[in-house]
Amino acid sequence: MTEVMIDTGNYIAAKAAVMCKPDVVAAYPITPQTTLVEGIAKYLATGEYKGEYICVESEHSAMAACIGASATGVRTFTGTSSHGLLLMHEMLHWAALARLPVIMCNINRVVGPGWNIWADENDSISQRDTGWIQFYCSSNQEIFDTIIQSFKLGEHEKISLPVMISYNAFILSHTSMPVFVPNQKDVDAFLPNRAPKWKLDPDNPITFGNIILPAEYEKVRLDMQKSHEYAKKLILEISKEWKQRFGRYHGDLLEFYKCDGADYILLSMGAIGAESKAAIDNLRKEGLKFGLARVRCFRPFPKEEILKLSKKADLIVIDRNISPGMEGALFTEVKASLYDNTDAKVCGFIAGLGGKDVPFGDIEKMCKKVINGKARHIEWFGLEGV
Amino acid sequence: MASRYLVEICFHGRGGQGAVTAANLLVAAALIDGNKGVQAFPFFGAERRGAPVRAFARISHDEIHLRSEIYNPDIVIVLDESIMDIVDVLKGLKKNGKILINTRTKPGEFDFSKKFIVATVDATDIALKHEILVGGIPVVNTPILGAVPKILDRVTLKSIQDIVLDKWKGELAERNVKATQDAYDKVEVKS
């Protein structure tokens, strides 16, 4: 029977991870991820988690331990945040290129200095090109569901890639919300044991990660690219299967909200993606035809769907990140998806860096600026163009 | 979101008094009472013992999309009245809003009782009476929750007590339940 559990994003994530029965969890604590790994440690103490829990001395080691364990064919999980994620950077590339489905939560937190523990997506955005599949969640229920879905996705024989599930510091990691938790039997039925095509096995020795020449290396990269393309289809299927089995759906690559007949479609991620729904409701009440396409999956990027949206509406992008010297990362990706193929206008806002609150009223203001033709092509909300 | 279905609550207390726990327990009780959308969260980052802290709760009949702070609460709950000397607890409180204060003072003695609905209860005394102490210091979060159903019909005393029994065990749980009952019986409301 499904039970309703009310708890913070981190404890909910710990519950989901343990229900996936990872053989190895290796983690190093960092604010605001700490309660996630505490949660798993608690399940270890009570016996609900029966795998290996390796306390390591750094995040680099945490990812290295997960890579080593995953290469032996077992299921692995970890979690980190901000500087911890950045310390893992080399190992993130390694996990992806070794095609190891390590599953990891990243609690989106500011990169310092200035020292700050609040929400900001620059940590995971700066890991964009490591080859990891990247999800951004907007509710505790979505965190729970996406973790379990990610094991199935990453471990699929045509994918075999690590998956990062990101959610905003404190706004989700430390906020209690009710979550439907299915029973273990139903999770087991959805998520079969990992069945890797190859693994490190002393009885059948093989080598991996060895030297390969340029022509072969390029094929490795192409193969990874093809898996990302295939993941777009598989994410659709897994989301559909989840809906059939458990009755819940948060979108697949994107979540659409009131996009029918919309003249303008707002694109945002993470917690701003949830808050945006309240803004859309208010704008619609005023007769302004706005819709929302919340980007759940940033890698692979849903460029085909976004191109389709641009055929019927102008687009507005809110980024809680900045690529210095350019613009918000989502803004760049959205425009690249449309190149030479649409007449849609696209405006971008930077908002909520450093954990600055982005209430629905501010989102409505951004939208109205665009309608009134007062928005710049790219604008730091509240700091520029006031 | 001026929906009549959404109630927003702001707790003010000092680090260590259990404001965050109070918010969590309240929304867990509200969920039992059929409010499908609930949310509780701390003001992020200032959790120092003795320092002024805030915690927030949202209670709705529907799923809550909001992830922002609460700027215009329907209800303010003050766990430590000395906070009122240094923090403007009435800031943003909605017209006809309600404020529940842990104090010996009667509701009508507060100037703002002309403008807002004021409820008062001596939760510290109740915590001492039932020996709800951490390190010898009275913890007022569960006692004051017992007073909430008198100013908010979306949560019942029964559900609050069920949640208390779920969180604590044995004799300690019983003392907490008695404290909630005491606060429920003793709270005075002036509208």
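See the structure printed just above.
*Asks:* For this particular structure, what's the right way to read the sheet that holds strand β9 (residues 254-257) of chain A?
*Replies:* Sheets are built from strands paired through backbone hydrogen bonds, the pairs being either parallel or antiparallel. Residue and element names in this part refer to chain A. One open sheet accounts for 6 strands, arranged β9-β11-β10-β13-β14-β15; its pairing is mixed. Two strands bound the open sheet, and with one partner strand each, they are β9 and β15 (378-380). Averaged over all pairs of adjacent strands, the angle between their axes in this sheet comes to 20°, without regard to strand direction. By the bridge criterion, 5 bridges tie strand β13 (residues 314-319) to strand β14 (residues 346-350) in an arrangement that is parallel. If you follow Val317 over to β14, its bridge partner there is Gly348.

*Asks:* Explain the interface of chain B and chain A to me, please; I cannot follow it from the model alone.
*Replies:* A common way to express how large an interface is: the accessible area buried when the components associate. Between chain B and chain A, the contact holds 19 residues from the first and 25 residues from the second. Buried area between chain B and chain A, both sides added, is near 1,800 Å², and the carbon and sulfur share of it is 64%. At the surface where chain B touches chain A, the tally comes to 0 salt bridges. Counting the contacts that link chain B with chain A gives 8 residue pairs in polar contact (both at pLDDT 80 or more). Where the side of chain B that touches chain A is concerned, the elements lending two or more residues are α1 (19-32) and β2 (37-42) of chain B. Examining the composition of the side of chain B that touches chain A, we find that 5 residues originate from one element, β2 of chain B, more than from any other. Taken together, the residues that form the side of chain B that touches chain A break down as 11 nonpolar, 5 polar and 3 charged.

*Asks:* Whenever I open this one, the layout of surface pockets confuses me. Can you help?
*Replies:* Within this model, the largest pocket holds a volume of roughly 1,500 Å³. Of all elements in the fold, only β1 (3-8) and α2 (34-46) of chain A together with β1 (7-14), α1, β2, β3 (52-60) and α4 (157-167) of chain B reach the threshold of two or more residues within the lining of the largest pocket. The element that contributes the greatest number of residues to the lining of the largest pocket is α1 of chain B, accounting for 9 residues. Residues of the lining of the largest pocket, tallied by class, amount to 24 nonpolar, 15 polar and 8 charged. Considering only enclosed or pocket space, the second largest pocket measures out at about 840 Å³ in volume. Among the elements of the structure, α5 (89-97), α7 (140-155) and α9 (214-246) of chain A are those that each provide at least two residues to the lining of the second largest pocket. It is α9 of chain A that contributes the most residues to the lining of the second largest pocket, 9 residues altogether.

*Asks:* I tried to follow the packing of helix α10 (residues 270-285) of chain A against helix α13 (residues 360-371) of chain A on my own but got confused; where do I start?
*Replies:* Residues and elements named next belong to chain A. Two elements in contact, α10 and α13, have axes separated by 8 Å at closest approach and are oriented at 65°. Read as a crossing pair, α10 and α13 show a hand that is right-handed. Side by side, α10 and α13 meet where Ile272, Glu275, Ser276, Ala278, Ala279, Asn282 and Leu283 of the first sit next to Phe360, Ile363, Glu364, Cys367 and Lys368 of the second. Here the residues of the contact of α10 with α13 sort into 7 nonpolar, 2 polar and 3 charged.

Criteria and cut-off values
In every chain, residue numbers begin from 1 and rise along the written sequence. Lettering for chains starts from A, numbering for ligands starts from 1, and both go in the order in which the items are written. Reporting in this predicted model follows two pLDDT cut-offs: at least 70 for local features of residues, and 80 or more for side-chain atom pairs to be given and counted; totals over whole chains, interfaces and linings ignore these cut-offs and use all residues. Hydrogen atoms and water are omitted, and side-chain values are computed over all heavy atoms in the structure. Pairing between two strands is assigned when DSSP locates at least 2 bridges connecting them. The secondary structure listing takes helices from DSSP runs of H or I that are at least 4 residues long and strands from runs of E that are at least 2 residues long, numbered from the N terminus. Axes here mean lines fitted to C-alpha atoms, for a helix over just the part in contact, with angles spanning 0 to 180 degrees between N-to-C directions. Note on contacts: a residue pair is in contact if any heavy atoms of the two residues lie within 4.5 Å. By convention, the term buried area covers the 1.4 Å-probe accessible surface removed from two parts as they join, with the contributions of both added. Definition used for salt bridges: Asp or Glu carboxyl oxygen within 4 Å of a side-chain nitrogen of Lys or Arg. Each polar contact in these results corresponds to two N or O atoms within 3.5 Å; when the atoms are within protein, one needs to be able to donate a hydrogen and the other to accept it, and residues that are neighboring in sequence are counted only if both atoms are side-chain atoms. Each residue gets one label: Ala, Val, Leu, Ile, Met, Phe, Trp, Tyr, Cys and Pro are nonpolar, Asp, Glu, Lys and Arg are charged, and the others, such as Gly, are polar. A cavity here means a set of 1 Å grid points, computed over protein atoms only, where a 1.4 Å probe fits but cannot escape. A pocket is an open set with protein on both sides within 12 Å along at least 5 of 7 lines, and lining residues have an atom within 4 Å of a point. Grid points are joined across faces, edges and corners, and a volume is the space filled by probe spheres set on the points. Each crossing gets its hand from how the near helix is turned against the far one by less than a right angle, where anticlockwise is left-handed and clockwise is right-handed.

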